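In case you want the letters, here they are:
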Amino acid sequence: GPMADTQYILPNDIGVSSLDCREAFRLLSPTERLYAHHLSRAAWYGGLAVLLQTSPEAPYIYALLSRLFRAQDPDQLRQHALAEGLTEEEYQAFLVYAAGVYSNMGNYKSFGDTKFVPNLPKEKLEQVILGSEAAQQHPEEVRGLWQTCGELMFSLEPRLRHLGLGKEPSLDSEMTSKLKSYEFRGSPFQVTRGDYAPILQKVVEQLEKAKVYAANSHQGQMLAQYIESFTQGSIEAHKRGSRFWIQDKGPIVESYIGFIESYRDPFGSRGEFEGFVAVVNKAMSAKFERLVASAEQLLKELPWPPAFEKDKFLTPDFTSLDVLTFAGSGIPAGINIPNYDDLRQTEGFKNVSLGNVLAVAYATQREKLTFLEEDDKDLYILWKGPSFDVQVGLHELLGHGSGKLFVQDEKGAFNFDQETVINPETGEQIQSWYRSGETWDSKFSTIASSYEECRAESVGLYLCLHPEVLEIFGFEGADAEDVIYVNWLNMVRAGLLALEFYTPEASNWRQAHMQARFVILRVLLEAGEGLVTITPTTGSDGRPDARVRLDRSKIRSVGKPALERFLRRLQVLKSTGDVAGGRALYEGYAAVTDAPPECFLTLRDTVLLRKESRKLIVQPNTRLEDSDVQLLEYEASAAGLIRSFSERFPEDGPELEEILTQLATADARFWKGPSEAPSGQA
């Protein structure tokens, strides 16, 4: 039949990258490795709950795939599939689908919540499954799994295309009448617990083992509370664990685990399970520490008067970690947790950048590097990583760490000298400031986070021109110039790519940091003199394309003064709490129109046309051999990703599949009317 709409498939040439944490792992002590290993096991076990949280069919699909690939690895199954009459393309499409299910812990994309289906005819996939080694060994079970999930695996019926609430089904009265229940607004409700008990039992066993290797009492108490939370179902215990977690400052092995993020839940309240283990990147941390040590000097280089700078530099809470394990529906590039607001107010939070995830996000194959000139592509590939490290350090530490807010406290006292401080934009004394109880977020509300991202990104672009900064990161001479060029070029390209996140219908931006990059692109275009040019072209496929160019010789002479003026305005408006001025400036640059010469709305169509699918990420496994922890790495391909999952649960794979199908079958009655639910003969 006709292939699915491309929105609902993963392309055969989808990017697949391996998460590199070999160096960070190598630097761990034997005890730290054991601690990391057991926490990783806990995370991987818990991550299986996401299958049950995603869709009725996901647990069955996972169980089916796991059986297939346990009996035959991707290469062995390929021989069988080709013999059954599949083409190489069709078999590859199946591998990509399987890899996608493992990566997203379900058959919906974790970013965007869109369903994806196999990009090959259903009959052909059925032949492969029913003729597989797994089906010959266990014909009943494999056939049962396929009967339970085959239809739903391929269905693109409108209600199934995206996660979200449909019309609410009526309660199944037979069930409620049997259970003791609460009355609420005339409806009966029953509160139960234990949904994921057999999965969480395995999580708890691993947390108990990890506790033996904890580095300090904070970690030990944190794990004790998590164990309590997962055993009893107590949110309060998870909060207490999170409090100990925040107090465990700068550990070598960092982790967090539980039902954390609620943005996938249509009600916006139920947490999706995730668990991660990450390791301090000691080499990167040393560079960031040197940057902090030079902060007092470097802040003097910023283009605003000393009165607009804090009296003493306060280092923002920021750590760069390399992920060893991230189990759940997807891997973010950074985290800012916990999500409990009361804890954030009293105890604080942790702001963590996941360095090796960022490295994957930016490592692009040459043929997928959109919108760049051919001769820029080689430089870009060579210097993207290093320039990114410089930009992240400057952005997080000196960007967010710089600048002062002018405040009048509840007693009427000012934190600046009203007589002598002059606004460099007006030449007059300071006319506005923050009153007691006002904050940056409360005053600038809807633009606050994007404006601040833009200020931090601009500080990075501005300070990367400083030789001392590049020296800290180990670059000088021609190499330093290349790092600067690629950092600026990347910002210009990122500003163009950001258009994907603008919604013309609502005239709004869906992501703060994307909007911030577009604003910087506008500022650099406005600088004129050919510093930045965007040229519409036609691609080799005859469809619209574009090229961005940055004139390297004009970065300092044209780019720097333009950025300097813009950055000074951003800071002065922020310091003085001038919301009207800040909005006018920022929203002016953030407006997307089709006005020439750039015609951004037309360019947005080109950006959407050339958009690359989100990469799949292959993660390593850790294995305990005697008392030694080994790191097992896999190739960056769909087959490598599948192998990593086939080897993830060597002791209890079949038992886990049994647990998942049992839990899914127990849940089935809640998904639809009892007659239509997957029957789960498996």
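Residues numbered from 1 in each chain as written. Predicted model: local features only at pLDDT ≥ 70, side-chain atom pairs only at ≥ 80, totals over all residues. Heavy atoms only, no water.

A closer look at the overall build of the chain
Inclusion rule: Segments assigned H or I by DSSP are reported as helices when at least four residues long, segments assigned E as strands when at least two residues long, and all are numbered from the N terminus. Computation of the radius of gyration draws on C-alpha atoms alone. For the globule rule, the value is 2.2 Å times the number of residues to the power 0.38. Note on classification: 1.4 Å probe, protein chains only; a residue is buried when its accessible area is under 20% of the maximum for its type, exposed when over 50%, partly exposed between these limits. A contact between two residues is defined here by any heavy atoms of the two lying within 4.5 Å.
Looking only at helices and strands, the chain features 28 helices and 15 strands. Against the globule reference of 26 Å for 682 residues, the chain gives a C-alpha radius of gyration of 27 Å, in line with a compact fold. With respect to the three principal axes, the spread of C-alpha positions in the chain is 85 × 60 × 60 Å. When each of the 682 residues of the chain is scored for burial, the buried share is 52%. In the chain, the share of contacts with a sequence separation of at least 24, taken over all contacts with a separation of at least 6, comes to 74%.

Considerations on the UniProt feature "binding site: Zn(2+)" (unreviewed entry) in the chain
Note the threshold: UniProt positions are given in the numbering used here, feature names are shortened, and annotations may be inferred rather than shown by experiment.
With numbering aligned to this structure, UniProt lists the feature "binding site: Zn(2+)" (unreviewed entry) at H395, H400 and E453. Annotated residues spanning 59 residues; largest pairwise C-alpha distance 8.3 Å, indicating a single compact cluster. As for its placement among the helices and strands, H395 is situated in helix α18 (residues 374–399). On the accessibility criterion, H395 (7% relative accessible area) is buried. In contact with H395, not counting residues within four places along its chain, are H400, E453, A456 and E457. Note that E453 resides in helix α20 (residues 448–463).

Remarks on the packing of helix α14 (residues 282–293) against α18
Applicable threshold: To get an axis, a line is fitted to the C-alpha atoms, and for a helix only the part in contact is used. The angle between two axes follows their N-to-C directions and goes from 0 to 180 degrees. Reported orientations rely on four angle classes, namely roughly parallel under 35 degrees, roughly antiparallel over 145, roughly perpendicular from 65 to 115, and oblique for the rest. By definition, any crossing whose near helix is turned counterclockwise from its far helix by less than a right angle is left-handed, and any crossing with a clockwise turn is right-handed. Classification used: nonpolar for Ala, Val, Leu, Ile, Met, Phe, Trp, Tyr, Cys and Pro, charged for Asp, Glu, Lys and Arg, polar for all others including Gly.
At a minimum axis separation of 10 Å, α14 and α18 run at an interaxial angle of 50 degrees. Classified by the angle their axes make, α14 and α18 are oblique. Relative to α18, the crossing made by α14 is right-handed. Residue-level inspection shows M284, F288, L291 and V292 of α14 in contact with α18, the latter providing D389, V392, G393, L394, L397 and L398. Of the residues in the contact of α14 with α18, the class split is eight nonpolar, one polar and one charged.

Regarding helix α5 (residues 74–83)
Which entries qualify depends on this criterion: We define a polar contact as two N or O atoms separated by no more than 3.5 Å, with the added condition that, inside protein, one atom must be a possible hydrogen donor and the other a possible acceptor, whereas residues neighbouring each other in sequence contribute only through side-chain atom pairs.
Of all the residues in α5, the buried ones are P74, L77, R78, H80 and A81. Against α4 (58–71), α6 (88–104), α7 (122–130) and α27 (638–646) lie the buried residues of α5. If you check the start of α5, you find a side-chain oxygen 2.9 Å away from the backbone N of D75, and it comes from D73. Once α5 finishes, G85 follows within two positions and takes phi at roughly 100 degrees, a positive value.

Brief notes about the side chain of D322
With respect to the secondary-structure elements, D322 resides in strand β6 (residues 319–327). In contact with D322, other than residues within four places in its own chain, are D20, C21, A24, A278, V279, N281, G355 and N356.

Some words on the domain arrangement of the chain
A common way to report how large an interface is uses the accessible area buried once the components associate. Keep this limit in mind: Note: domain ranges come from an automatic or database domain assignment.
Annotation of the chain at the domain level lists domain 1 (16–51 + 201–363), domain 2 (55–104 + 118–155 + 638–670) and domain 3 (369–610). If you average the C-alpha positions of domain 2 and of domain 3, the two centres end up 46 Å apart.

Here we look at the packing of aromatic side chains
Heads up, the rule is: Put simply, two rings from Phe, Tyr or Trp (the six-membered ring, in Trp's case) pair if the centres are within 6.5 Å, and we call them stacked under 30 degrees between planes, edge-to-face over 60, tilted for the rest. Distance and angle both matter: a charge sits over a ring if NZ of Lys or CZ of Arg is within 6 Å of the ring centre and within 35 degrees of the ring normal.
A complete count under the given rule lists 30 aromatic pairs for this structure. Ring centres of F69 and F94 lie 6.0 Å apart, and the angle between their planes is 20 degrees; on these two criteria the pair is classed as stacked. With F69 in helix α4 and F94 in helix α6, this residue pair connects regions lying 25 residues apart in the sequence. Looking at F94, the relative accessible area reads 2%, which means it is buried. Each ring, one from W509 and one from F518, has its centre 5.2 Å from the other, and the planes form 35 degrees; the classification is tilted. Like W509, the residue F518 is buried in the burial classification. Here a set of aromatic residues connected by ring pairs shows up, and it is made of F308, F406, F414, F416 and W433. Looking at K443, its charged tip hangs above the ring of Y434, at a distance of 5.7 Å from the centre. Between K574 and the ring centre of W440, over which it is positioned, the NZ or CZ distance is 4.7 Å.

Points about the UniProt feature "active site" (unreviewed entry) in the chain
Summarizing the sequence annotation, UniProt attributes the feature "active site" (unreviewed entry) to E396 in the numbering used throughout. Summarising the element assignment, E396 is placed in helix α18. Contacts of E396, omitting those with residues within four sequence positions, involve P316, F318, N351 and G401.

Focus: a negative patch on the surface
For clarity, the cut-off: To count toward a patch, a residue needs a relative accessible area above 30% and no salt bridge. Like charges then connect within 9 Å, nonpolar side chains (Val, Leu, Ile, Met, Phe, Trp, Tyr) within 5 Å. In this description, accessible areas are obtained by the Shrake-Rupley approach with a 1.4 Å probe, and a residue is regarded as covered only by the protein chains that are shown. Whenever Lys or Arg places a side-chain nitrogen within 4 Å of a carboxyl oxygen from Asp or Glu, that contact is recorded as a salt bridge. When charges are counted, Lys and Arg contribute as positive and Asp and Glu as negative, whereas His and the chain ends are disregarded. The location of each charge is read from NZ of Lys, CZ of Arg, CG of Asp or CD of Glu.
A surface patch of like charges, here negative, comprises E301, E468, E471, E476 and D479. Within the secondary structure layout, E468 lies in helix α21 (residues 467–472).

Some words on helix α22 (residues 477–497)
The periodicity of an α-helix, 3.6 residues per turn, causes residues three or four positions apart to be oriented the same way. In plain terms, the rule: Expected span of a helix: the number of residues minus one, times 1.5 Å.
Taking 1.5 Å per residue as the helical rise, α22 with its 21 residues ought to reach 30 Å, and the 30 Å between its terminal C-alpha atoms agrees with that figure. Of all 21 residues in α22, 16 are buried; the element is thus mostly enclosed.

A few points about the state of the cysteines
As a reminder of what qualifies: Two cysteine sulfurs form what is called a disulfide whenever their separation falls within 2.5 Å.
A complete count under the given rule lists zero disulfides for this structure. Here C454 stays unpaired: no disulfide links it, and the sulfur of C464, its closest cysteine neighbor, is 15 Å away.

Overview of a nonpolar patch on the surface
On the surface, Y182, F184, F189 and V191 cluster together into a nonpolar patch covering about 480 Å² of accessible area. Along the chain, the position of V191 falls in the loop between β3 (187–189) and α11 (197–212).

Considering the sheet that holds strand β5 (residues 272–280)
This is how the line gets drawn: Whether two strands pair comes down to DSSP finding at least two bridges between them.
As summarised here, the arrangement of the five strands in space is β4-β5-β6-β8-β7, forming an open sheet in which the pairing is mixed. Of all the strands in the sheet, the pair left with one neighbour each is β4 (253–261) and β7 (334–337). Direction aside, neighbouring strands of the sheet carry axes that sit 35 degrees apart on average. Here β6 pairs with strand β8 (residues 350–354) via three bridges, running parallel. Note on β8: the bridge partner recorded for T319 is V352. Running over the sheet, helix α13 (residues 235–247) touches β4, β7 and β8 and is turned about 150 degrees from β4. Lying on the sheet, helix α17 (residues 355–362) is in contact with β6 and β8; it crosses β6 at an angle near 80 degrees.

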